[in-house]
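Residues per chain, in single letters:
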Amino acid sequence: MTAENVLLSGIVGSTAYGLARAGSDVDRLGMFAAPTEDFHGLRGPKETHVTTRPDNTLHEAAKWCRLALSGNPTVTELVWLPDELYEVRTPLGDELIGIRTTLLSAKRVRDAYLGYATGQFKRLYDRGNSSSSADTRGRTAKHARHLRRLCHQGFELYATGVLTVRVEDPDDYHRFGEQVAADAMVALPLLQRYEAAFDETRSVLPDQPDEAPAEAWLRRVRAAYYTRSGS
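In this numbering scheme, every chain counts its residues from 1 along its sequence in written order. The model is predicted, so local features are restricted to residues of pLDDT at least 70 and side-chain atom pairs to those at 80 or more, both for listing and for counting; the totals for chains, interfaces and linings are taken over all residues. Only hydrogens and water are set aside when side-chain values are computed; all heavy atoms of the structure are taken into account.

- For the protein chain, an unreviewed UniProt entry supplies the name Nucleotidyltransferase domain-containing protein and the organism Streptomyces ortus.

1. A word on the sheet that holds strand β3 (residues 48–51)
Then step 1. Criterion used throughout: strands pair if DSSP finds at least two bridges between them. Starting at the N terminus, helices and strands are each numbered in turn, a helix being any DSSP run of H or I of at least four residues and a strand any DSSP run of E of at least two. The strand order across the open sheet formed by 5 strands is β3-β4-β2-β1-β5, and the pairing between neighbours is mixed. The sheet terminates laterally at β3 and β5 (86–89), the two strands that pair on one side only. The sheet shows a mean angle of 10° between the axes of neighbouring strands, taken without regard to direction.
Then step 2. Examined bridge by bridge, strand β2 (residues 27–32) and strand β4 (residues 55–60) share 6 bridges and lie parallel to one another. Bridge pairing links Gly 30 to Leu 58 in β4.
Then step 3. Should any heavy atoms of two residues lie within 4.5 Å, those residues are counted as being in contact. For helices, the fitted line uses only the C-alpha atoms of the stretch in contact; every axis is such a line through C-alpha atoms, and the angle between N-to-C directions lies from 0 to 180 degrees. Sitting on the sheet, helix α2 (residues 61–69) touches β2, β3 and β4, and the angle it makes with β4 is about 95°.

2. Some points on the side chain of Glu 60
Then step 1. Position of Glu 60 relative to the elements: it lies in strand β4.
Then step 2. Here Glu 60 is in contact with Met 31, Phe 32, Ala 33, Ala 34, Phe 39, Lys 46, Glu 47 and Arg 222, once residues within four sequence places are set aside.

3. Quick notes on the pattern of salt bridges
Then step 1. Salt bridge, as applied in this entry: a Lys or Arg side-chain nitrogen positioned within 4 Å of an Asp or Glu carboxyl oxygen. Counted according to the given criterion, the structure contains 13 salt bridges.
Then step 2. Note that Arg 21 and Asp 171 form a salt bridge whose closest N and O atoms lie 3.3 Å from each other. Within this pair, whereas Arg 21 is found in the loop between α1 (13–17) and β2, its partner Asp 171 is found in helix α7 (residues 170–182), the two being separated by 150 residues in sequence.
Then step 3. Classification of Arg 21 by relative accessible area gives partly exposed; the value is 45%.
Then step 4. On the basis of relative accessibility, which here comes to 45%, the residue Asp 171 falls in the partly exposed class.
Then step 5. One salt bridge in this structure joins Arg 220 and Glu 95, with 2.9 Å as the shortest N-O distance. Linking Arg 220 in helix α9 (residues 211–224) with Glu 95 in helix α4 (residues 91–98), this pair joins segments that are 125 residues apart in sequence.
Then step 6. Connected through shared salt-bridge partners, Asp 83, Arg 89 and Asp 94 make up one network. Exposed residues in this analysis have more than 50% of their type's maximum accessible area, buried residues have under 20%, and partly exposed residues fall in between, with area computed by a 1.4 Å probe over protein chains only.

4. Topic: the nonpolar core
Then step 1. With 59 residues, the main nonpolar core has Met 31, Trp 64, Leu 78, Leu 81, Leu 147 and Trp 217 as its most contacted residues.
Then step 2. The leading source of residues in this core is helix α5 (residues 106–127), at 7 residues.
Then step 3. Not counting the four nearest positions on each side in its chain, Trp 217 is found in contact with Leu 7, Met 31, Ala 61, Cys 65, Leu 92, Glu 95, Leu 96 and Ile 99. By nonpolar core is meant a set of buried Ala, Val, Leu, Ile, Met, Phe, Trp, Tyr and Cys residues that side-chain atoms within 4.5 Å join together.

5. Examining the confidence of the model for the protein chain
Then step 1. For the protein chain, per-residue confidence averages 91 on the pLDDT scale, and residues scoring 70 or more make up 94% of the total.
Then step 2. No element of the protein chain has a lower mean pLDDT than α5, which averages 90, and none a higher one than α4, which averages 98. Per residue, pLDDT measures the predictor's confidence, with a range of 0 to 100.

6. Let's talk about the layout of surface pockets
Then step 1. Using a 1 Å grid laid over the protein atoms alone, points where a 1.4 Å probe fits but cannot get out form a cavity; open sets with protein on both sides within 12 Å along at least 5 of 7 lines form a pocket; any residue with an atom within 4 Å of a point counts as lining. Grid points are joined across faces, edges and corners, and a volume is the space filled by probe spheres set on the points. Of the volumes computed, that of the largest pocket is approximately 1,000 Å³.
Then step 2. Lining the largest pocket we find 36 residues, and of these Gly 13, Ser 14, Asp 27, Lys 142 and His 146 sit closest to its centre.
Then step 3. Here the lining of the largest pocket gets 7 residues from one element, more than from any other, and that element is helix α6 (residues 134–160).
Then step 4. Residue polarity follows a fixed list, in which Ala, Val, Leu, Ile, Met, Phe, Trp, Tyr, Cys and Pro are nonpolar, Asp, Glu, Lys and Arg are charged, and the others, Gly among them, are polar. When grouped by side-chain class, the residues that make up the lining of the largest pocket number 9 nonpolar, 15 polar and 12 charged.

7. Observations regarding the environment of Ala 22
Then step 1. For Ala 22, the position within the fold is in the loop between α1 and β2.
Then step 2. Take Ala 22: its relative accessible area is 85%, and that puts it in the exposed class.
Then step 3. In sequence terms Ala 22 and Asn 72 are 50 residues apart; their C-alpha atoms lie 28 Å from each other.

8. Quick word on the pairing of β2
Then step 1. With 6 bridges joining them, strand β1 (residues 6–12) and β2 adopt antiparallel strand pairing. In the strand pairing of β2, Ser 9 is matched with Gly 30.

In C-alpha cells form, the structure reads like this:
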C-alpha cells in the first residue's frame, strides 16, 4: 500500500467473487485517512493511490464515502467482504462497516449497478463475436461474467438491502462467459430480464441515502488524524 493511515482494506475482484482461475490477478481495495492538517492548505491531499503488480487501489476516506453514497459497486463491496478477505481492519474501519446500510439508496443502487452492467454489454456488443485472438475471447468472457455478477448483486442489494460478494455457482458464470464470447447477444436476454426485475420489484432501500452517519464518521476520522504542526 502506498498511503499511510489505512483504515480498511481487503481482497476484492475475481478472488472475492469466487471467479478467480489460475493466473488471475489479485486485486486489493482500501481506504485511508489523510492527515487532517493536509486539508488546510491551498491544495488538498491526493485522494487516490493506485499501484499495479500487485494491483492496489486506496481511496481517501472522504472520496470513498462520496463514491459509496453514489452507489458505486466497486467501493461498496469493500464493506461487504467476507471476514477472511480483510487484510486491514481498524476500529474506524469496523465503524464504517457498521453503518454500511445507511449509505444505500434505491435509485442510486439501481442506476449504478445496471449502468455498469449496461456498459459491459456495450463493450461486448461493440467488440462483436470473438473470432480473433484467445486474448480477445478471454476479455470478452470476463466482461460477460462481470455483467452477470453486477446484475445479480445489484438486484439483491436493491431488493433485500444485503450484498453477497461471493457468487453461488462460479462454474456457471464461466460457462456464461464462454457462451457470450462466442455470441455477444447471448447476454442481452439476461440484461433485459434484470431490467424488468428492477422495474417490478419494490426496493427495501430508501429513496435517498442517509448522509448523517457518514458525515459523523468522517468527522471522527478527521479528529483522530489531526496533529498540530511541530507536535
